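# Structural overview
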Amino acid sequence: FSNVLSVELGVQQRCSDMQLIDEASILSSLQEDGRGGIICNVQLDENKKPLLALVKTNNYNEAIHIVLVGCGQSYIDSRYESETKDHKRISGLAKSWKRLKCKYIH
């Protein structure tokens, strides 16, 4: 999915590890015409602190595209028993990723 999305958005860099994203990688991903950026494939329980810091402090939210798959509430409800600890944890993580101020969240 991220490959198709990268063509649509004109983004050439993709990342599956949030720990590898830093200011230099974002700047190198941007093109002179303002297009580009990085597409991030993430796991719900992945540490988003490095990415969050870049979005908040350096205003790179327009250059970061996040692909979230399997994070819809109906999918979570079908995978975890309602009102269990895991259900609440995964639902909370999905909501926190969706609140991250990036350009696209799918």
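Here, every reference points to the structure presented above.
The text that follows walks through the structure, step by step, so that each part is easy to find. Everything numeric here is computed off the predicted structure, so don't read it as measured data.

Moving on, we get to the pattern of salt bridges. Counted under the stated rule, the structure contains one salt bridge. Lys-88 is paired through a salt bridge with Glu-83; the nearest N and O atoms lie 4.0 Å apart. With relative accessibility at 59%, the residue Glu-83 sits in the exposed group.

Side chains of strand E3 (residues 64-67) alternate between two faces, with Ile-64 and Ile-66 and His-65 and Val-67 buried alike. In this structure, strand E2 (residues 38-41) lies alongside E3, joined through four bridges in parallel fashion. Looking across to E3, one finds that Cys-40 is bridged to Ile-66. With respect to chirality, the unit in which E2 leads through helix H3 (residues 49-58) into the neighbouring parallel E3 is right-handed.

As a further point, take the pairing of E2. Within a regular strand, the side chains alternate between the two sheet faces. Pairing between strand E1 (residues 13-15) and E2: three bridges, direction parallel. What sits directly across from Arg-14, in E2, is Ile-39.

A word on the layout of surface pockets. Of the volumes computed, that of the largest pocket is approximately 310 Å³. Around the largest pocket, the lining comprises 14 residues; the ones closest to its centre are Gln-43, Leu-44, Val-69, Gly-70 and Cys-71. The greatest single-element share of the lining of the largest pocket, amounting to three residues, is contributed by helix H4 (residues 73-79). Grouping the constituent residues of the lining of the largest pocket by class yields nine nonpolar, three polar and two charged.

Here the focus is the nonpolar core. Ranked by internal contacts, the top residues of the largest apolar core, which has 23 residues, are Ile-21, Ile-26, Cys-40, Leu-51, Ile-64, Ile-66 and Trp-97. Elements supplying a minimum of two residues to this core: E2, H3, E3 and helix H5 (85-99). With residues up to four places along the chain from it excluded, the contact list for Ile-26 reads Ile-21, Ile-38, Leu-54, Tyr-60, Ala-63 and Ile-64.

Definitions and cut-offs
- Residues numbered from 1 in each chain as written.
- Predicted model: local features only at pLDDT ≥ 70, side-chain atom pairs only at ≥ 80, totals over all residues.
- Heavy atoms only, no water.
- Salt bridge = Lys/Arg side-chain N within 4 Å of Asp/Glu carboxyl O.
- Buried < 20%, exposed > 50% of the residue type's maximum accessible area, 1.4 Å probe, protein only.
- Helix = DSSP H or I, 4+ residues; strand = E, 2+ residues; numbered from the N terminus.
- Pairing = 2+ DSSP bridges.
- Right-handed = clockwise from strand over helix to strand, strands pointing away.
- 1 Å grid on protein atoms, 1.4 Å probe; cavity = no way out; pocket = protein on both sides within 12 Å on 5 of 7 lines; lining within 4 Å.
- Points joined across faces, edges and corners; volume = space filled by probe spheres on them.
- Nonpolar A, V, L, I, M, F, W, Y, C, P; charged D, E, K, R; others polar.
- Core = buried A, V, L, I, M, F, W, Y, C linked by side-chain atoms within 4.5 Å.
- Contact = heavy atoms within 4.5 Å.

These figures come from the coordinates and say nothing about function on their own.
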